[in-house]
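# Report on the structure
Listed below, chain by chain, are the residues.
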Amino acid sequence: MISFELFPPKTPEGYEKLLATIAQLCALKPDFISCTYGAGGGSRDKTLDIVEHIQKKHGVAAVAHLTCVLHAKDEIKTILEDIKRRGISRVLALRGDPPKENPDWKPGPDNFRYSSDLVTFIRAHFGKYFEIGVAGFPEGHALAPNRDADARYLKIKIDAGADYVITQLFFNNADYFDYVKRLKEIGVDKPVIPGILPITDYQALMRFCGSCGASIPDEVHQIFRPIAGDAEKTMAAGIEFCVKQCRQLLGQGAPGLHFYALNKAHPVDVILKEIRP
C-alpha cells in the first residue's frame, strides 16, 4: 500500500500548481492520497475540493482530514454530511491543534475532547459508510505520559471503530517496530502504516521536527549537517536514506508507506522506482 499526503495551497497560483502535481502523483498509482487543512478548520473547503478532484478527475481514492477542535458536534455532523454528498467515503479522524489566534482553547460539553470521541460519533451517525483512519505516534504523543499509555490511547480509537493507523513521521525504524509490537500486545490488529518524510532540506527538517515533536537521530545529523548548504547533495542523500528506510520497513512487515509529499512529486517518484518490485 502506497499513499501520499498533500496540503491546500494558500494562493490561486499554488492551487493550479498543485493540480499539476496531483496528476503526476496519481500517475504513480497510489492506493490513496490524503489532504490536510489548517488548524481549527482553516482551508477545509479547499481540502474537500482537492479530495473531490482527485477522485473524480483521476479515479484515485482520496482521504479527507477531519479535525474536531473548535467545532460543536452539530457542526461536525454538517461537515460529514457535506463530505458524504461529495461522494467522499474516507476520512482521517483527528483531534487537531487549536489555531494560533486561540491557542488556549479547551473543549466544552458540546465539543469532542479526543479523536476517539470523533470516531465514535462518525460510527454512530454514519454507520460503516466511512472508512476511518487515525493518527499514531511511534515515539509517543507529546501529551501522553509515556509510550505505553500512548498505545492504550490508540487502542481506544481502534475500539471506537477506526480501520487503520497512519503514523507521524520518524527516522529510526526501531521506533516504528517497537510501536507495532506494543499495539499488538494490547490487541490492536489494524494496519499501522508508517509515515515517511523524504529529507530534502536539512534546516527545514530541523524546524519541522521541532514543531511536531519528532526526533532526529544522530545518524541523520551526521549525514545531512555537513552537506546542508548543498541542495543537490542533500537531495541525493535524502533519496538514498529514504530508500534504505523504506526497504527495511517493507522487508520487515510494514503494510505500506504513507509519504508526506509536501505537494511535490519529486523525490517520491524516484524513491518509488527504487523500492517497488
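First, a word on what this report is: a plain description of the structure on this page.

Cut-off values and rules
Residues numbered from 1 in each chain as written. Predicted model: local features only at pLDDT ≥ 70, side-chain atom pairs only at ≥ 80, totals over all residues. Heavy atoms only, no water. Buried < 20%, exposed > 50% of the residue type's maximum accessible area, 1.4 Å probe, protein only. Helix = DSSP H or I, 4+ residues; strand = E, 2+ residues; numbered from the N terminus. Pairing = 2+ DSSP bridges. Right-handed = clockwise from strand over helix to strand, strands pointing away. Phe/Tyr/Trp six-rings, centres within 6.5 Å; stacked < 30°, edge-to-face > 60°. Lys NZ or Arg CZ within 6 Å of the ring centre and 35° of its normal. Expected span 1.5 Å × (residues − 1). Contact = heavy atoms within 4.5 Å. Polar contact = N/O pair within 3.5 Å; in protein donor to acceptor, adjacent residues only side chain to side chain. Salt bridge = Lys/Arg side-chain N within 4 Å of Asp/Glu carboxyl O.

## Structural notes on the pairing of strand β5 (residues 131-136)
Two faces, one strand: in a regular strand the side chains alternate between the faces of the sheet. Counting buried positions along β5 yields five of six residues, so the element is predominantly enclosed. Note: strand β4 (residues 90-94) against β5, four bridges, orientation parallel. Bridged to L92 within β5 is G133. Taken together, β5, helix α5 (residues 147-160) and strand β6 (residues 164-169) form a β-α-β motif whose crossover is right-handed.

## Some words on the packing of aromatic side chains
Evaluated as defined, the whole model comprises nine aromatic pairs. Three or more aromatic residues joined by ring pairs make a cluster, and in this case those are F126, Y129 and F130. Of note, K84 hangs over the ring of Y129, and the distance from its end group to the ring centre comes to 4.8 Å.

## Focus: the pairing of strand β1 (residues 2-6)
Among the five residues that make up β1, five are buried, leaving the element largely enclosed by the rest of the structure. Sheet topology places β1 next to strand β8 (residues 257-260); four bridges connect them, and they run parallel. Residue pairing for β8: I2 is matched across the bridge by L257. Taken together, the four bridges between β1 and strand β2 (residues 32-35) define a ladder with parallel strand orientation. Counterpart to S3 in the pairing with β2 is F32. Once you follow β1 into helix α1 (residues 12-26) and on to β2, the crossover reads as right-handed.

## Points about helix α9 (residues 231-251)
Counted at 1.5 Å a residue, the expected span for α9 with its 21 residues is 30 Å, and the 30 Å between its end C-alpha atoms agrees. Buried within α9 are the following residues: T234, A237, G238, I239, F241, C242, V243, Q245, C246 and L249. Looking at the buried residues of α9, the elements they touch are α6 (173-185), β7 (192-196), α7 (202-212), α8 (218-224), β8 and α10 (268-275). The opening residue of α9 is D230, an N-cap whose side-chain oxygen sits 3.1 Å from the backbone nitrogen of E232. Where α9 ends, the next residue or the one after it, G253, has phi of about 105°, a positive value.

## Some points on the pattern of salt bridges
The full count for this structure, using the stated rule, is 10 salt bridges. Linking R86 and E52 is a salt bridge whose minimum nitrogen-to-oxygen distance equals 2.8 Å. One end of the pair, R86, is in the loop between α3 (73-85) and β4; the other, E52, is in helix α2 (residues 44-58), and 34 residues separate them in sequence. Pair check on accessibility: R86 and E52 agree, each one buried. If you follow the salt bridges from partner to partner, you end up with D49, E52, K56, D82, R85 and R86 in one network.

## Considerations on the side chain of K157
Inspection of the secondary structure puts K157 in helix α5. A polar atom in the side chain of K157 sits 2.8 Å from the backbone oxygen of A135. Setting aside chain neighbours within four positions, we find K157 in contact with S115, S116, V119, V134, A135 and A162.

## Let's talk about unusual backbone geometry
Residues H266 and P267 are joined by a peptide bond in cis, for which omega reads 15°. Within the secondary structure, P267 sits in the loop between β8 and α10. Notably, K29 is not glycine yet its phi reads approximately 60°, a positive angle. Here K29 lies in the loop between α1 and β2. Phi angles above zero are rare outside glycine, and L262 is one such case at about 55°. If you trace the backbone, L262 turns up in the loop between β8 and α10. Given the relative accessible area of 42%, L262 is considered partly exposed.

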